[in-house]
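Residue-level structural notes
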Amino acid sequence: MSAANLPANLSSILPPAALGMLGGGQLGRFFVNAAHEMGYPVWVLDPDPNSPAGRIAERHLCAAYDDAAALDALAAGCAAITTEFENVPASTLDYLAKFVPVRPSAAAVAVCQNRIGEKSFLRDHGLPHGPFIAVSSEGDLQQASPALFPAILKVARFGYDGKGQAAVDNLAEALLAFARFKGESCVLEQRLPLDYEVSVVLARDENGRVASFPSGENQHANGILDVSIVPARASDCLMSDAADIAARIAEKLGYIGVMGVEFFVSRGQLLVNEMAPRPHNSGHYTLDACVTDQFEQQVRALCGLPLGEARAHSAAVMVNLLGDLWYAGDHAREPDWAALHAVPNLKLHLYGKHHARPGRKMGHFTVIGTDAEAVQQTALAARRAIGIRD
């Protein structure tokens, strides 16, 4: 029997129970939309008074993630709580879990919050990853094998979208980069020859059932996801292996919810790059190209409902829209949305963020269709028409 045909658990949380969301960015906003369509009101906790999710939620608790009064209000008002990003303090998740279900768990999120913990988890569970060392001092770098270079030095906490990273060719450059990071704990990862990058977004429920979306092929610019192509232009065997590895990660974490796993493909070999304990940017295509999208799955997993079918009904290409588009030289302006709306099979999603700035994710568009090559050509043409340079 498929997951879609299984009855809901007796412990299922049903509308009109309120759900809680930690974080008010675009991932939280899409969650609120999905929850609303399924009949659930949502409370959002986010310190930004202009948070995109907070603006459409039933209640926006505008407070820090460790604000005791706000946490007590969230626990009292919500039947279950989830998160849209991995940097919510694990202590916050632990505290809330004393009162209501919190999915994913603090323990699972904590592994993904820290690159040292993440890489150690992969190593300890025999999951494929590139060579690395943990760096807490200059002495750790000085003991690094020369074979580890060239490498990338990454801060262990709060680095994302290319932030907190430095490419280093040798020990001297690594020491300089470590000094620039002001002695923060880091990982030093060997820089690998890269064929391409892929990601798997999956949902796992409280009974261990997994629904994986079709894998995407990802292209980055300046460390930020630029384009995702689905299906990935890779062998069926490699994509099956990626889905299997991602499911093993979720199982080892005891994970409940939606998560993304990013992979490098190096000399034909899959290597786990990062794990995201939340819906993932590369899974945005599911909003328009799949039977169930990643945010509905997040609601379902949180509420103990059967997972939806993750099958794609269309090929898709997703293109990120960064804040750079809102600027022509020194002048701010609105992008030419007419160029996108003129494409019949293009779906535009803007996140409602208060202020555009270079590098900030402001929206995305997805082109869908039955012919994967035609979809790619249409998406790249639309990307150029709106002014995104190759």
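First, a word on scope: everything that follows refers to the structure included in this document. Just so it is clear, the structure is predicted and the values come from calculations on it, not from any experiment.

How each quantity is defined
Residues numbered from 1 in each chain as written. Predicted model: local features only at pLDDT ≥ 70, side-chain atom pairs only at ≥ 80, totals over all residues. Heavy atoms only, no water. Phe/Tyr/Trp six-rings, centres within 6.5 Å; stacked < 30°, edge-to-face > 60°. Helix = DSSP H or I, 4+ residues; strand = E, 2+ residues; numbered from the N terminus. Buried < 20%, exposed > 50% of the residue type's maximum accessible area, 1.4 Å probe, protein only. Pairing = 2+ DSSP bridges. Axes fitted to C-alpha atoms, helices over the stretch in contact; angles between N-to-C directions. Contact = heavy atoms within 4.5 Å. Core = buried A, V, L, I, M, F, W, Y, C linked by side-chain atoms within 4.5 Å. Parallel < 35°, antiparallel > 145°, perpendicular 65-115°, else oblique. Nonpolar A, V, L, I, M, F, W, Y, C, P; charged D, E, K, R; others polar.

**Here's the deal with the packing of aromatic side chains**
This structure, assessed with the given rule, holds five aromatic pairs. Centre to centre, the rings of F30 and Y351 are 5.8 Å apart; their planes meet at 85°, and the pair counts as edge-to-face. Here F30, found in helix α1 (residues 26–37), pairs with Y351, found in the loop between β18 (346–350) and β19 (361–369); they are 321 residues apart in sequence, far enough to count as distant. When sorted by exposure, F30 lands in the same class as Y351, which is buried. A centroid spacing of 5.5 Å and a plane angle of 55° characterise the contact between Y65 and F85, whose relative ring orientation is tilted. Placement of the pair is Y65 in the loop between β3 (59–61) and α2 (68–77) and F85 in the loop between β4 (80–83) and α3 (90–96), with a sequence separation of 20 residues. Given a relative accessible area of 24%, F85 falls into the partly exposed group. Within the aromatic cluster, the residues linked to one another by ring pairs are F30, F295 and Y351.

**Some remarks on the sheet that holds β3**
Reading across the sheet, the four strands line up as β3-β2-β1-β4 and stay open at both edges, with parallel pairing between neighbours. What marks the edges here is a single partner per strand, and that holds for β3 and β4. Averaged over all pairs of adjacent strands, the angle between strand axes in this sheet comes to 20°, irrespective of strand direction. Taken together, the four bridges between strand β1 (residues 19–22) and strand β2 (residues 42–45) define a ladder with parallel strand orientation. Of the residues in β2, the one forming a bridge with M21 is V44. The strands that α2 touches are β1, β2, β3 and β4; relative to β2, the one it contacts most, it runs at about 165°.

**Some details on the nonpolar core**
If you look at the biggest cluster of nonpolar residues, it comprises 26 residues, and the most contacted ones within it are I249, L253, M259, F263 and M275. The greatest single-element share of this core, amounting to eight residues, is contributed by helix α8 (residues 236–253). Setting aside its immediate chain neighbours within four residues, L253 contacts A108, V111, C112, F121, M259 and M275.

**Regarding the packing of helix α4 (residues 106–113) against helix α5 (residues 115–124)**
Two packed helices can be described by the angle between their axes and the distance between those axes. Interaxial distance between α4 and α5 falls to 5 Å at its minimum, and their mutual angle equals 105°. Between α4 and α5, the crossing angle belongs to the class labelled roughly perpendicular. Taking contact as the criterion, the partners of V111, C112 and Q113 in α4 are, on α5, R115, G117, E118 and F121. Along the lines of polarity and charge, the residues of the contact of α4 with α5 split into three nonpolar, two polar and two charged.

By themselves, these observations are geometric and do not establish any function.
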